[in-house]
Amino acid sequence: MLMLIRGGRVIDPGKLDGIMDILIEDGRIVEVGGQGSEVGGQRSEVRGQRPEVKVIDASGKIVAPGLMDMHVHFREPGHEYKETIETGCLSAAFGGFTAVCTMPNTNPVNDNSQVTEYILKKAGLADTVRVYPVAAISPGLQGKGLCEYGDLKDAGAIAVSDDGNPVTDSQLMRRALEYAKGFGLPVISHCEVLDLASNGVMNEGAVATRMGLVGIPNAAESIMVMRDIALCELTEASLHIAHVSTIESVRAIRDAKNRGVCVTAETAPHYFTLTEDAVQGYNTNAKMNPPLRSMQDREAVLEGLSDGTIDVIATDHAPHSSIEKEVEFDIAANGIIGLETSVSLGLKLVENGVITITDLIAKMSTNPARILGLDPGIKKGKPADITIIDPDITYKVDAAGFQSLSRNTPFDGWNMKGRAVLTMVGGKVVFER
Amino acid sequence: MQFVKKDILDMESLSVDEITLILDTAQQMKEISKRPVKKVPTLRGKTIVLFFYEPSTRTRTSFDIAAKRLSADSISISGSTSSIVKGETLIDTARNIEAMNPDVIVMRHSMAGASHMLAKIVRTSIINAGDGMHAHPTQSLLDLMTVREHKGRVSGLRIAIIGDISHSRVARSNIIGFTKMGADVVLAGPPTMIPKGIESLGVSVTYNVNDAVCNADIVMMLRIQKERQKGLLFSTEREYAKVYGLTMERMKGAKKDVLIMHPGPVNRGVEIAPEVMDGPYSIIIDQVTNGVAVRMSLLYLTAGGARNVDAD
């Protein structure tokens, strides 16, 4: 079956940018071209009129390589009432993502090939978006040894991380970086010094003080960012820093990149959109780890996105039910869902002139894919993983209508401009608005 | 002025006029406690639930006596007797209590924001009797009443609050209460016990207790909990008493008419020397007496006494 995506602005960061048509056959891209080219000119006109060709009109829209969220928590196995792989994938598709990387803190933990295989089997049954499981650094995320990275990679793991838990033991982190390097697996680091974070529940500062909540200082994150950068230099392995939230972390990563260290970094939409003020009123949907920080930190994150210090926007999609969230702030679970609001919040950056639309697509699609060793892009011969974004459509976020099983978002009721309107994975339309 | 607030959650949400009304009402209530028969029928037929998730003797007893002096029926629920031990959530427990139609729920909880959460969910009036490190408005109101009684005013006074500011809901509520009523508040203690950004509440901070005591009209000492030693907030009780405790020696630098306060319970010999506590400047016991009056005032104002029943 033939498909033609016609008249959209095709952006493949660094490669393509222009009004082009994309011809897809049997799930693969067979031709890409602008006006006057083989696909874009006369021939696509002709093809578009042939009944057996499905035509998708993308005029006025942006056609991007499929978006990838490299940091999500689907709760299967273990906490399926919060999110299953099936609902998580649907949520991703609705948000415009064609691929996600699932963090290993399930129950049981994804620390062996059987769990990785189980996740991939469920993802296959869901048959929506691509799922790339991230395996644990240490068995049970306990920080006390190395998982079988070779086995895990063979089973389909794409990276390793103890996300949710930091690797406190510096020797283990060193060895994990070295051992993972042997298998070509990047290490994703959740940076948090637990002694400093202590029993903190939000950012340390005037807001926490007024609310009588225990604060988490910036240093709880940045100290470990700096440690991991040092270990990355030592081992020359591939290190990716998860959910950067502080000004000190941004500076440390910028300096490291300037020295040529092989480090990459991500931040989440909530860190560039919100500050600790969102916690006012003991809003548990503004509770996450790392916590929402100060205005100064938010500005540093924006600067890091703008100058390329931060390579990736990933949501840290963390579904929780009312059981974990409609409780006292101190005992509420950390985390918010993000898949279905990420594109719109990213587009706000473009509208505000922080980054270009091309940068946004790079940070939400091609950059994460390359960090994970994939070869993304819109080109002849590649699987047709494509996201079509309408940058002008306006709407109000309605969490009750989310595909995710959970509703824990601080963005419910927000007015947004721009969202994904079509998600295609391997030539199959998995979501269309 | 009519009192229309449903809940008493913190000092931030009370206006100067509301605070004045509460204190004026408390002053009238105080007289009842001096009668041979200490009971008026004002809140007859009203039900007050004392919902204490965290142990408390003083505050709970104070509320209980206040309720009984106004003829309300008061029922105590503690953390260990309620359904919490069976795994029920706070919201569910509160909805169950609400279903039995009490007029006021007085709540003490170890976590900040607990009474705010409840106030949003139930129609019953909530009085916050202390939520974590956040707020203890009834303590602040009784402290304001005590200062006003002794000094005739609050505005223009210099109030020193000394000790573990970080962990103190009393300090937070008093900082807001006293500054709102026009006093000048200075905080003192070791830097480990001064929380980040506290200056944003309009107070000054010193690490030198002598500086804080000097020129103060009121010196309020806070309780030092021994557990905080494990949290690395101070070295030893011995050193704390020496550097930050209120001793007779330190009192020499104070104003002649300085008054000493403490929310209790006191660690004699740690934050305050016994001879200072028992000395002529101390109004610590008056605070406790006024506690009953302030709580009678609050129960009267929130339980509909002000709206539906004439004061006795």
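These numbers were taken from a predicted model, which means no experiment stands behind them. (Residues numbered from 1 in each chain as written. Chains lettered and ligands numbered in written order. Predicted model: local features only at pLDDT ≥ 70, side-chain atom pairs only at ≥ 80, totals over all residues. Heavy atoms only, no water.)

Trainee: Which parts of the structure should I look at to understand the overall build of chain B?
Mentor: A count of helical and extended segments in chain B gives 12 helices and 9 strands. For a compact globule of 312 residues, the expected C-alpha radius of gyration is about 20 Å, and chain B comes in at 19 Å, within 12% of that figure. For chain B, the spread of C-alpha atoms along the three principal axes comes to 55 × 45 × 35 Å. When burial is assessed residue by residue, chain B has 58% of its 312 residues classed as buried. Contacts in chain B between residues at least 24 apart in sequence constitute 72% of all its contacts with a sequence separation of at least 6. By element, 51% of the accessible surface of chain B is carried by carbon and sulfur atoms, the whole surface being about 12,700 Å². Of note, chain B has its 39 positive side-chain charges centred 2 Å away from the centre of its 33 negative side-chain charges. (Helix = DSSP H or I, 4+ residues; strand = E, 2+ residues; numbered from the N terminus. Rg over C-alpha atoms; globule rule 2.2 N^0.38 Å. Buried < 20%, exposed > 50% of the residue type's maximum accessible area, 1.4 Å probe, protein only. Contact = heavy atoms within 4.5 Å. Areas by Shrake-Rupley, 256 points an atom, 1.4 Å probe, with all protein chains shown as cover. Lys, Arg positive; Asp, Glu negative; His and termini not counted. Charge placed at Lys NZ, Arg CZ, Asp CG, Glu CD.)

Trainee: Help me understand the pairing of strand β5 (residues 62-65) of chain A in this model?
Mentor: Regular strands show a simple pattern: their side chains alternate between the two faces of the sheet. Summarising the sheet, strand β1 (residues 2-12) of chain A and β5 of chain A pair through 2 bridges and their orientation is parallel. Among the inter-strand pairings, arginine 9 of chain A is bridged to a residue of β5 of chain A, identified as isoleucine 62 of chain A. (Pairing = 2+ DSSP bridges.)

Trainee: What am I meant to see in the pattern of salt bridges here?
Mentor: Side chains carrying opposite charge are able to pair once their charged atoms draw close together. For the structure shown, the criterion picks out 31 salt bridges over all chains. A salt bridge links glutamate 76 of chain A to lysine 122 of chain A; the shortest N-O distance between them is 3.5 Å. Here glutamate 76 of chain A, found in the loop between β6 (67-72) and α2 (85-95), pairs with lysine 122 of chain A, found in helix α3 (residues 113-126); they are 46 residues apart in sequence, far enough to count as distant. The exposure class assigned to glutamate 76 of chain A is buried, which follows from its relative accessible area of 8%. The residue glutamate 12 of chain B makes a salt bridge to arginine 210 of chain A at a minimum N-O spacing of 3.9 Å. Within this pair, whereas glutamate 12 of chain B is found in the segment before α1 (16-32), its partner arginine 210 of chain A is found in helix α7 (residues 206-211), the two belonging to separate chains. On the basis of relative accessibility, which here comes to 39%, the residue glutamate 12 of chain B falls in the partly exposed class. One salt-bridge network, in which partners are shared between bridges, spans Arg174, Arg175 and Glu178 of chain A. (Salt bridge = Lys/Arg side-chain N within 4 Å of Asp/Glu carboxyl O.)

Trainee: Where do I start with the interface of chain B and chain A in this structure?
Mentor: Listed by partner, the interface residues are 21 residues for chain B and 16 residues for chain A. Buried surface at the junction of chain B and chain A, both sides included, amounts to about 1,500 Å², of which 60% is carbon and sulfur. It is Met111, Ala112 and Lys196 of chain B that lose the most area in chain B upon contact with chain A, and together they represent 32% of the buried surface on that side. Our count for the chain B to chain A interface comes out at 2 salt bridges. Elements supplying a minimum of two residues to the side of chain B that touches chain A: α3 (90-99) and α4 (114-121) of chain B. Sorting elements by how many residues they give to the side of chain B that touches chain A places α4 of chain B first, with 4 residues. The residue inventory of the side of chain B that touches chain A, partitioned by class, reads 10 nonpolar, 6 polar and 5 charged. (Buried area = accessible area lost by both parts, 1.4 Å probe. Nonpolar A, V, L, I, M, F, W, Y, C, P; charged D, E, K, R; others polar.)

Trainee: Explain the domain arrangement of chain A to me, please; I cannot follow it from the model alone.
Mentor: For interface size, the figure often reported is the accessible area lost on association. Residue and element names in this part refer to chain A. Each assigned domain of chain A is listed here: domain 1 (2-63 + 381-432) and domain 2 (66-371). Placing the centre of domain 1 and that of domain 2 at their C-alpha centroids yields a distance of 27 Å. Taken together, the contact between domain 1 and domain 2 spans 38 residues of the former and 47 residues of the latter. Summed over both partners, the interface of domain 1 with domain 2 buries about 3,400 Å², with 62% contributed by carbon and sulfur atoms. The tally of links between domain 1 and domain 2 comes to 3 salt bridges. The shortest N-O distance in the salt bridge between glutamate 351 and lysine 417 comes to 4.0 Å. Put simply, domain 1 and domain 2 have 19 residue pairs in polar contact (both at pLDDT 80 or more) between them. Secondary structure elements with two or more residues in the side of domain 1 that touches domain 2: β1, β16 (386-396), β17 (415-425) and β18 (428-432). Considering only residue class, the side of domain 1 that touches domain 2 consists of 19 nonpolar, 10 polar and 9 charged. (Domains from an automatic or database assignment. Polar contact = N/O pair within 3.5 Å; in protein donor to acceptor, adjacent residues only side chain to side chain.)

Trainee: I would appreciate a short explanation of unusual backbone geometry in the present structure.
Mentor: The phi torsion of most residues other than glycine is negative, and most of the peptide bonds are trans. Cis geometry marks the peptide bond from glutamate 76 of chain A to proline 77 of chain A, where omega comes out at 5°. Cis geometry is adopted by the peptide bond preceding proline 290 of chain A, which originates at asparagine 289 of chain A and carries an omega value of -5°. Its location among the elements puts proline 290 of chain A in the loop between α10 (269-273) and α11 (295-307). Of note in this structure, aspartate 26 of chain A is not a glycine but carries a positive phi near 50°. Position of aspartate 26 of chain A relative to the elements: it lies in the loop between β2 (16-25) and β3 (28-34). For aspartate 26 of chain A, a relative accessible area of 62% corresponds to the exposed category. Not every positive phi belongs to a glycine, and asparagine 215 of chain B is a case in point at roughly 70°.

Trainee: Got a minute to help me understand the sheet that holds strand β9 (residues 259-261) of chain B in this structure?
Mentor: Residues and elements named next belong to chain B. Read from one edge to the other, the open sheet built from 5 strands follows the order β7-β6-β5-β8-β9, with strand pairing classed as parallel. Each edge of the open sheet is held by one strand with a lone partner, namely β7 (204-206) and β9. Each adjacent strand pair in this sheet contributes to an overall mean axis angle of 25°, direction not counted. The pairing of strand β8 (residues 218-221) with β9 spans 3 bridges and is classified as parallel. Counted as the bridge partner of isoleucine 218 is leucine 259 from β9. (Axes fitted to C-alpha atoms, helices over the stretch in contact; angles between N-to-C directions.)

Trainee: Please explain the state of the cysteines as it appears in this structure.
Mentor: A covalent bond between the sulfur atoms of two cysteines is what we call a disulfide. All names here are of chain A. Counted under the stated rule, the structure contains 0 disulfides over all chains. Left without a disulfide partner, cysteine 147 is nearest to the cysteine sulfur of cysteine 101, which lies 17 Å away. Overall, the relative accessible area of 3% leaves cysteine 147 in the buried class. (Disulfide = S-S within 2.5 Å.)

Trainee: Is there a simple way to explain the pairing of β2 of chain A in this structure?
Mentor: Residues and elements named next belong to chain A. Judged from the 9 bridges that link them, β1 and β2 form a sheet pairing that is antiparallel. Its bridge partner being in β2, isoleucine 11 is matched across the sheet by aspartate 17. The antiparallel hairpin formed by β1 and β2 contains 3 residues in its connecting segment, where glycine 14 sits at a positive phi of about 85°. As paired strands, β2 and β3 are joined by 6 bridges and run antiparallel to one another. Residue isoleucine 22 lies in a different strand from β3, and its bridge partner there is valine 32. Where β2 folds back onto β3 in an antiparallel hairpin, the turn is made up of 2 residues, including aspartate 26, whose phi is positive at roughly 50°.

Trainee: Is there a simple way to explain α4 of chain B in this structure?
Mentor: The periodicity of an α-helix, 3.6 residues per turn, causes residues three or four positions apart to be oriented the same way. Residues and elements named next belong to chain B. Counted residue by residue, α4 has 6 buried out of 8 residues, so it is predominantly covered. Those residues of α4 that fall on the buried side of the exposure criterion are Ala114, Ser115, His116, Met117, Leu118 and Ala119. Turning to α4, the residues buried within the fold contact β1 (47-52), α3, β3 (104-109) and β4 (125-131).

Trainee: Mind showing me how you'd approach the packing of aromatic side chains here?
Mentor: The relative placement of two aromatic rings is captured by the distance of their centres and the angle of their planes. Counting across every chain of the model gives 7 aromatic pairs over all chains. Judged by centre distance (5.2 Å) and plane angle (80°), the ring pair of tyrosine 179 of chain A and phenylalanine 183 of chain A falls under edge-to-face. Here tyrosine 179 of chain A falls in the partly exposed class, since its relative accessible area comes to 38%. Relative to tyrosine 53 of chain B, the ring of phenylalanine 51 of chain B lies with its centre 4.9 Å away and its plane at 70°, an arrangement referred to as edge-to-face. Accessibility classification places phenylalanine 51 of chain B together with tyrosine 53 of chain B in one group, the buried group. Every member of this aromatic cluster is reached through a ring pair, and the members are Tyr149, Tyr179 and Phe183 of chain A. Lying across the ring of phenylalanine 329 of chain A, lysine 287 of chain A places its NZ or CZ 5.5 Å from the centre. It is arginine 419 of chain A that lies over the ring of tyrosine 395 of chain A; its NZ or CZ is 3.6 Å from the centre. (Phe/Tyr/Trp six-rings, centres within 6.5 Å; stacked < 30°, edge-to-face > 60°. Lys NZ or Arg CZ within 6 Å of the ring centre and 35° of its normal.)

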